[in-house]
Amino acid sequence: MTAPPPRKPAEHVERALCVLAHPDDVDFGSAGTVATWTAAGTEVTYCIVTDGDAGGFDDTPRDRMGPLRREEQRAAAAAVGVTDVRFLGYPDGRLELTLDLRRDISRVIRQVRPQRVLTSSPERFYERIGASHPDHMTVGESTLRAVYPDARNPFAFPELLADEGLEAWTVAEVWLGASPRADHAVDVTDVVELKFAALKSHVSQVAHVEDLEGWLTGWMAQTARRFGLPEGRLAEAFHVVHTA
């Protein structure tokens, strides 16, 4: 038998949900892609699992870092057309794969009812170990478990339906960032200035980085070449998993 052709992601969805561990995670890997979605009319929601209170490079007091990073993430989101930004408030650097985290992500999925979810890969990327922060992998695995089976199963976390009236919801596709098996690239050349603006909103994280735009451009140009895009184009890459 001939194998069926590989499935492609939907050309357009009405709603997308991005679930990431820390403020700035979505912007480093996906802000250009998000900008293309919002420009096409997709409603995008961010769900940030921690406040990023263990991040930073200077002597900002720890009790100020979390609130500061929330504000930076809201500003970064606005730069790419996202106004719905939610924080779960888990401790930065100490995420574990728990039923509570699965329930909390499932709640947001049922609230937003997205056709597409973007999250981090649960696989360790040995060639790019920096992408495989334990929080990133934990959020990726927790989100996949929330997508299947939790959010779609009315008998999983029954309190979400009984107490909060949140009906089960099936997500059609999941996009995994920083994946060692990326199979889909998004050309972000025409929106790259929006990505730069989003990242520069994270002053507490990137103000010390020399030539941030040059570094990002080189990274995205390499991704574009790897996926066969014309010379001079810039891209972000994902592993797209069909989950419906």
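If you check an unreviewed UniProt entry, the protein appears there as N-acetylglucosaminyl deacetylase, LmbE family from Geodermatophilus saharensis.

**Q** Summarise helix α3 (residues 99-112); cite the residues concerned and give the values.
**A** Here α3 is 14 residues long and its end C-alpha atoms lie 20 Å apart, about the 20 Å a rise of 1.5 Å per residue gives. In terms of residue burial, α3 counts as a mostly covered element, since 10 of its 14 residues are buried. If you check which residues of α3 are buried, you get L101, R102, R103, D104, I105, S106, V108, I109, R110 and V112. Residues of α3 that are buried in the fold lie against β1 (15-20), β2 (43-50), β3 (84-90), α4 (134-150) and α5 (159-162). Just downstream of α3 lies R113, where phi reads positive at about 55 degrees.

**Q** Quick rundown of the environment of A16? Include the residues and the values.
**A** Mapped onto the fold, A16 is located in strand β1. On a C-alpha basis, the gap between A16 and A198 in space is 18 Å, while along the polypeptide they are 182 residues apart.

**Q** So what's going on with the pattern of salt bridges? Residues and values would help.
**A** Across all of its chains, the model carries 17 salt bridges by this definition. Taking the shortest distance from any N to any O, the salt bridge between R15 and E14 comes out at 3.1 Å. Ionic pairing is found between D104 and R107, a salt bridge with its closest N-O pair at 3.0 Å. Note that D104 and R107 are positioned in helix α3 at a spacing of 3 residues, about one turn of the helix. Taken together, the shared-partner salt bridges connect D100, R103, D104, R107 and E164 into one network.

**Q** Lay out unusual backbone geometry with the relevant residues and their values.
**A** The omega angle of the peptide bond from Y148 to P149 is 15 degrees, so this bond is cis rather than trans. Within the secondary structure, P149 sits in helix α4. Of note, the phi angle at D24 is positive, near 90 degrees, even though the residue is not glycine. Here D24 is to be found in the loop between β1 and α1 (25-39). D24 gets classed as buried once you look at its relative accessible area, which sits at 9%. Its identity as a non-glycine residue notwithstanding, A178 has a phi of 50 degrees, on the positive side. Checked against the element boundaries, A178 lands in the loop between β5 (173-177) and β6 (184-187). Taking the relative accessible area as the measure of exposure, A178 reaches 28% and is therefore partly exposed.

**Q** Any details on the confidence of the model for the protein? Residues and values, ideally.
**A** Of all residues in the protein, 98% have pLDDT values of 70 or greater, and the mean over the chain is 95. Element-level mean pLDDT values for the protein span from 93 in helix α7 (residues 203-206) up to 99 in β1.

**Q** Mind laying out the packing of aromatic side chains, listing which residues take part and the relevant values?
**A** Under the defined criterion, the tally for this structure stands at 4 aromatic pairs. Between W215 and W219 the ring centres are 5.6 Å apart and the planes differ by 35 degrees, which places this aromatic pair in the tilted class. Highlighted residues: W215 and W219, both in helix α8 (residues 212-226), separated by 4 residues, approximately one helical turn. A connected cluster of aromatic rings, assembled from ring pairs, spans F28, W215 and W219.

**Q** Give me the pairing of β5: which residues, what numbers.
**A** Residues in a regular strand project their side chains so that they alternate between the two faces of the sheet. Judged by how many residues are buried, β5 sits mostly within the fold: 5 of 5 residues are covered. Across the two faces of β5 the burial is the same, with E173, W175 and G177 and V174 and L176 all buried. Direction of pairing for strand β4 (residues 116-120) relative to β5: parallel, over a ladder of 5 bridges. Its bridge partner lying in β5, T119 is registered against L176. Bridging between β5 and strand β7 (residues 235-242) involves 5 bridges; their strand directions are antiparallel. Directly across from V174, in β7, lies its bridge partner V241.

Cut-offs applied
- Residues numbered from 1 in each chain as written.
- Predicted model: local features only at pLDDT ≥ 70, side-chain atom pairs only at ≥ 80, totals over all residues.
- Heavy atoms only, no water.
- Helix = DSSP H or I, 4+ residues; strand = E, 2+ residues; numbered from the N terminus.
- Expected span 1.5 Å × (residues − 1).
- Buried < 20%, exposed > 50% of the residue type's maximum accessible area, 1.4 Å probe, protein only.
- Contact = heavy atoms within 4.5 Å.
- Salt bridge = Lys/Arg side-chain N within 4 Å of Asp/Glu carboxyl O.
- pLDDT = per-residue confidence, 0-100.
- Phe/Tyr/Trp six-rings, centres within 6.5 Å; stacked < 30°, edge-to-face > 60°.
- Pairing = 2+ DSSP bridges.

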